[in-house]
Amino acid sequence: MKLTERQYEEILEMGILLTIEKNHNRLFELIMENAMNITNCDGGTLYLYKDGELHFKIMRTVSLGIYQGGDGEIIDMPPVPLREENVCAYSAIHEEIVNIADVYHSEKFDFSGPRKYDALTGYHTQSMLVIPLKSRNGELIGVLQLINAMEKGQIVPFDPDYEKVVLSLASQASISISNLRYLREIKDMMYSYVVTMSTIIDARTPYNGSHTNNVTKYAAGFVDYLNKEYAAGRFGEHFDEDRKEQLVLAASLHDIGKMSIPLSIMNKSTKLVRRLDDIVVKFKLLKSYYKIDFYEDRISGEECEGKCRYLEEAEALVREVNELPDLPDELEPKIRELAEKVYRSADGEEIPYLSEEEADCLLIKRGTLTPAERKVMESHVVITSEILSKISFSTHYSDVPRWAGAHHEFLDGSGYPNHLTAEQMPTEIRILSLVDIFEALIAVDRPYKKPMPLDKAFEILTSMAEEGKLDKGLVTRFQDYIRKQKIDCRTDD
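Criteria and thresholds
Residues numbered from 1 in each chain as written. Predicted model: local features only at pLDDT ≥ 70, side-chain atom pairs only at ≥ 80, totals over all residues. Heavy atoms only, no water. Helix = DSSP H or I, 4+ residues; strand = E, 2+ residues; numbered from the N terminus. Rg over C-alpha atoms; globule rule 2.2 N^0.38 Å. Buried < 20%, exposed > 50% of the residue type's maximum accessible area, 1.4 Å probe, protein only. Contact = heavy atoms within 4.5 Å. pLDDT = per-residue confidence, 0-100. Axes fitted to C-alpha atoms, helices over the stretch in contact; angles between N-to-C directions. Parallel < 35°, antiparallel > 145°, perpendicular 65-115°, else oblique. Left-handed = near helix turned anticlockwise from the far one by under 90°. Nonpolar A, V, L, I, M, F, W, Y, C, P; charged D, E, K, R; others polar. Salt bridge = Lys/Arg side-chain N within 4 Å of Asp/Glu carboxyl O. Pairing = 2+ DSSP bridges.

So, about the overall build of the protein chain. For the protein chain, the helix and strand inventory stands at 17 helices and ten strands. Taken over C-alpha atoms, the radius of gyration comes to 35 Å for the protein chain, far larger than the 23 Å a tight globule of 493 residues would show. Counting only C-alpha atoms and orienting by the principal axes, one finds that the protein chain spans roughly 125 × 45 × 40 Å. Looking at the 493 residues of the protein chain, the share that counts as buried comes to 46%. In the protein chain, the share of contacts with a sequence separation of at least 24, taken over all contacts with a separation of at least 6, comes to 65%.

If you want it as structure tokens, here you go:
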């Protein structure tokens, strides 16, 4: 056999392709296609070794128009056990190339399978070349089995000179497969770390328990939707595997900084929390003091009655405001008036109706956190960036710390912590900001608010987009994605 110049070129091209291909399925297809082209054979099977058996990965027969296993398609055939009577298993066990001129005249192996196949399909299996695939460490990866070498339309034996060529091709392929497996192991390790950290974050508090998982789910699903829009010519960006993986990792780690936030702030379900009991006890004590003042003729009965009635009304006001998600404008003056009230005893001691901290809590305009507490809570994004900056991310994940630490930024610069503007926010950060807000709006496990109906949540997102905080195009597409997928947005299933 003498290789043509074109065959040499194909072998060199194949070597280059094998070193750069990152998709497992495409790599397997390249191995099969090029081995068949070089040997000019009609069919072949690629097996992968797993759990002591050879599993069908790709099957191809040109003359019958059969091509199974492409693009990751599962081949529904039982795996081949590693027994020496099976030619592919023999090649794997002994790490030998097996070249058979005619399977119908070979007694060394059990070819009952190919014969049954021939009887069912009318095909004629004759020549066979079987090559083991091994890693650089000598570990078995799989077996490549080529069938029916062709010459001038006739089935011929595989030329022994092809063995070295195909073996060289198999060696290059094995190295590429090994590299991809090592890369997958590294990625799996990274993802296991991410899952562990996100579980720890969400497990710290009964509230927000599914937040990280939901944000990650929405981000990944939305990117898949955007890729479909890109394919249809309706969106200008494509997210390849590396880009999507980075975004998913950033979503999974975006709240890692919350590990440093005190649980008294993380779990603050009402404005006052335990301070409410202190206020109630204090009001009861003040009523007792006013009654003592009445009995000792320091105030009149009418004044005492008025003071006690005011305290009762004040307690009702405090209880109401404590539970409200937002402070109504008409109640704010009443809280400020209450905060100015002071009881003065006969010996000059002054007891304010509300302490400064209690007043600050009741004057919270939205949510349950005071400005000081909110500042502590907002620091989690800075801490997220600091923690992730200590991790040695590979070049494939180099943007994860920056994206994760920017999920509270807005396009108009009003976000935090760095007040980024639209020019500084890539699509990934815009997506994280969007899905994080969406999940917070519709979440069922927030202690300070009820879950918001989907239409209301969309209304808020649209309003924020109109204000220049969120990306209008992404908001519109995200709403379409959620509605089309019919996602149950209130569970983490």
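Time to look at the confidence of the model for the protein chain. Here the protein chain averages 88 in pLDDT, and 91% of its residues register 70 or above. The low-confidence segment residues 489–493 (pLDDT under 50) makes 18 contacts with residues lying over four places distant or belonging to another chain.

In this section: the packing of helix 15 (residues 427–442) against helix 17 (residues 472–485). Contact pair helix 15 / helix 17: the axes reach a minimum separation of 11 Å and the direction vectors enclose 55 degrees. Classified by the interaxial angle, the pair formed by helix 15 and helix 17 is oblique. Here helix 15 runs over helix 17; the crossing is right-handed. The segment helix 15 lies against helix 17, with Thr427, Arg430, Ile431, Leu434, Val435 and Phe438 engaging Leu474, Val475, Phe478 and Ile482. The residue makeup of the contact of helix 15 with helix 17, split by class, is eight nonpolar, one polar and one charged.

Moving on: the pattern of salt bridges. Where charged atoms from two side chains of opposite charge approach closely, those side chains can pair. Taken as a whole, this structure holds 26 salt bridges when the rule is applied. Connected via shared salt-bridge partners are Asp329, Glu332, Arg336 and Lys365.

With that settled, the discussion passes to the pairing of strand 2 (residues 53–61). Summarising the sheet, strand 1 (residues 41–50) and strand 2 pair through eight bridges and their orientation is antiparallel. Residue pairing in the sheet places tyrosine 49 in a bridge with leucine 54 of strand 2. The turn joining strand 1 and strand 2, which pair antiparallel and follow one another in sequence, is formed by two residues; a positive phi near 55 degrees is taken by aspartate 51. Sheet topology places strand 2 next to strand 4 (residues 80–81); two bridges connect them, and they run antiparallel. Looking across to strand 4, one finds that leucine 54 is bridged to valine 80. Relative to strand 3 (residues 66–68), strand 2 runs antiparallel, the two sharing three bridges. When the bridges of strand 3 are listed, methionine 59 appears paired with glutamine 68.

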